[in-house]
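# A look at the structure
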Amino acid sequence: LPVVESTQIDLGDNGEIPELVVRIKDLHIGNTSYGKWNFNLASDSKGLNFKHLDASINGLMITSEPGLVWNLNSNETRFSGEVKAQDIADVLPLWGYVPTVDAKEVSVLADVRWFGNPLEIQLLDLIGSAKLQARDGRFVDIESGGGAVRILSLINFNAIAKRLRGDFSDVTGKGIAFDNLEAELGFNNGILSFVDTLKLRGTGSSFEVDGTIDLDSGRLDNEMIVTLPVTKSLPWYGLYLALANPIAGAGVLVGERVLRKP
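All figures in this text were calculated on a predicted structure; none of them were measured in a lab.

Thresholds applied
Residues numbered from 1 in each chain as written. Predicted model: local features only at pLDDT ≥ 70, side-chain atom pairs only at ≥ 80, totals over all residues. Heavy atoms only, no water. Helix = DSSP H or I, 4+ residues; strand = E, 2+ residues; numbered from the N terminus. Buried < 20%, exposed > 50% of the residue type's maximum accessible area, 1.4 Å probe, protein only. Contact = heavy atoms within 4.5 Å. Polar contact = N/O pair within 3.5 Å; in protein donor to acceptor, adjacent residues only side chain to side chain. Pairing = 2+ DSSP bridges. Phe/Tyr/Trp six-rings, centres within 6.5 Å; stacked < 30°, edge-to-face > 60°. Salt bridge = Lys/Arg side-chain N within 4 Å of Asp/Glu carboxyl O.

Of the regular secondary structure elements, the protein chain holds six helices and 14 strands. By residue count, 32% of the 262 residues in the protein chain fall in the buried class. Counted over contacts in the protein chain with a minimum sequence separation of 6, partners at least 24 positions apart contribute 43%.

This is the structure we're talking about:
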């Protein structure tokens, strides 16, 4: 395949772009940087296919063997591949998000489509599915703002824990840490759904979430299961049971005092 080092490409007799190996060290459109791109570019009667895609954009590493397909007839783009990031708290500000979550490694396997060209991707316009995994992370308690900041703060485990009546400072004092997070997500024009329960595991605590999130309005329709460690939060739980069921509550409080040693 020819290697093109200039911005001028000779079209074939039928006006189609010949299959090319494209290597871009730093792509700029106006004042916006779109990073480093490597792919094979092919065209057919429907549109353009960016095969063997390998790109690095603002801390995101994007790979796809099938590639990214831009259907020129319907002006629709489809992506099937993996997006990875390390130290996500450093990456999020590069995309205009407040770093409400930190993690050493995040991986998303996605099969999504949207209307428009490949660079017109918007979270609210996605249709498709994705599998999310993250490890060695923490949800940081930062006051949410508007727009994109609000979207990333929808599942704020610190805020949810604080809304529960009681003392969870031992869990949320420095943000909720997790060893592993995994979820299977569905996207449908601004509605994010948990196709498979989001599972967050930490030392002694865990969260499970299902339901849907309206990414535009921020409306939540979810069910959550919270498992907390047997620490300072247990006296609160015992007090709650004492009010609802004095005998059971007394038993929990006595048992916690006996087993107080961590």
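Moving on, we get to the side chain of serine 107. Within the secondary structure layout, serine 107 lies in strand 9 (residues 101–115). A polar contact is formed between the side chain of serine 107 and the side chain of glutamate 82, at a distance of 2.7 Å. Among residues more than four places away in sequence, those in contact with serine 107 are Glu82, Val83, Lys84, Lys131, Leu132 and Gln133.

Another aspect to go through is the pairing of strand 11 (residues 176–188). Residues in a regular strand point their side chains to alternate faces of the sheet. The pairing of strand 10 (residues 127–139) with strand 11 spans 12 bridges and is classified as antiparallel. Among the inter-strand pairings, glutamine 133 is bridged to a residue of strand 11, identified as glutamate 182. In this structure, strand 11 lies alongside strand 12 (residues 191–201), joined through eight bridges in antiparallel fashion. If you follow glycine 186 over to strand 12, its bridge partner there is serine 193. Taking the residues that link successive antiparallel strands as the turn, the strand 11-strand 12 hairpin has two residues, and the phi of asparagine 189 there is positive, at about 50°.

Let us now look at the packing of aromatic side chains. Counted by the stated rule, this structure contains one aromatic pair. Geometrically, the ring pair formed by phenylalanine 39 and phenylalanine 50 is edge-to-face, given 5.1 Å between the ring centres and 70° between the ring planes. A residue pair is termed long-range when its members are at least 10 positions apart, and phenylalanine 39 in strand 4 (residues 36–43) and phenylalanine 50 in strand 5 (residues 47–57) qualify at 11 residues. For the pair shown, phenylalanine 39 and phenylalanine 50 are each scored as buried.

Taken as a whole and judged by the stated rule, the model has nine salt bridges. Of the charged contacts, one joins glutamate 76 and arginine 113 as a salt bridge, the two residues approaching to 3.2 Å between their closest N and O atoms. With a gap of 37 residues between them, glutamate 76 in strand 8 (residues 76–86) and arginine 113 in strand 9 connect regions that are remote in the sequence. Take arginine 113: its relative accessible area is 31%, and that puts it in the partly exposed class.

This part covers the environment of isoleucine 176. Tracing the chain through its elements places isoleucine 176 in strand 11. Taking the C-alpha atoms as reference, isoleucine 176 lies 9.8 Å from serine 206; in sequence the two are 30 residues apart.

It is worth spelling out unusual backbone geometry at this point. A positive phi is found at asparagine 75, a non-glycine position, where the angle reads about 50°. Along the polypeptide, asparagine 75 turns up in the loop between strand 7 (68–71) and strand 8.

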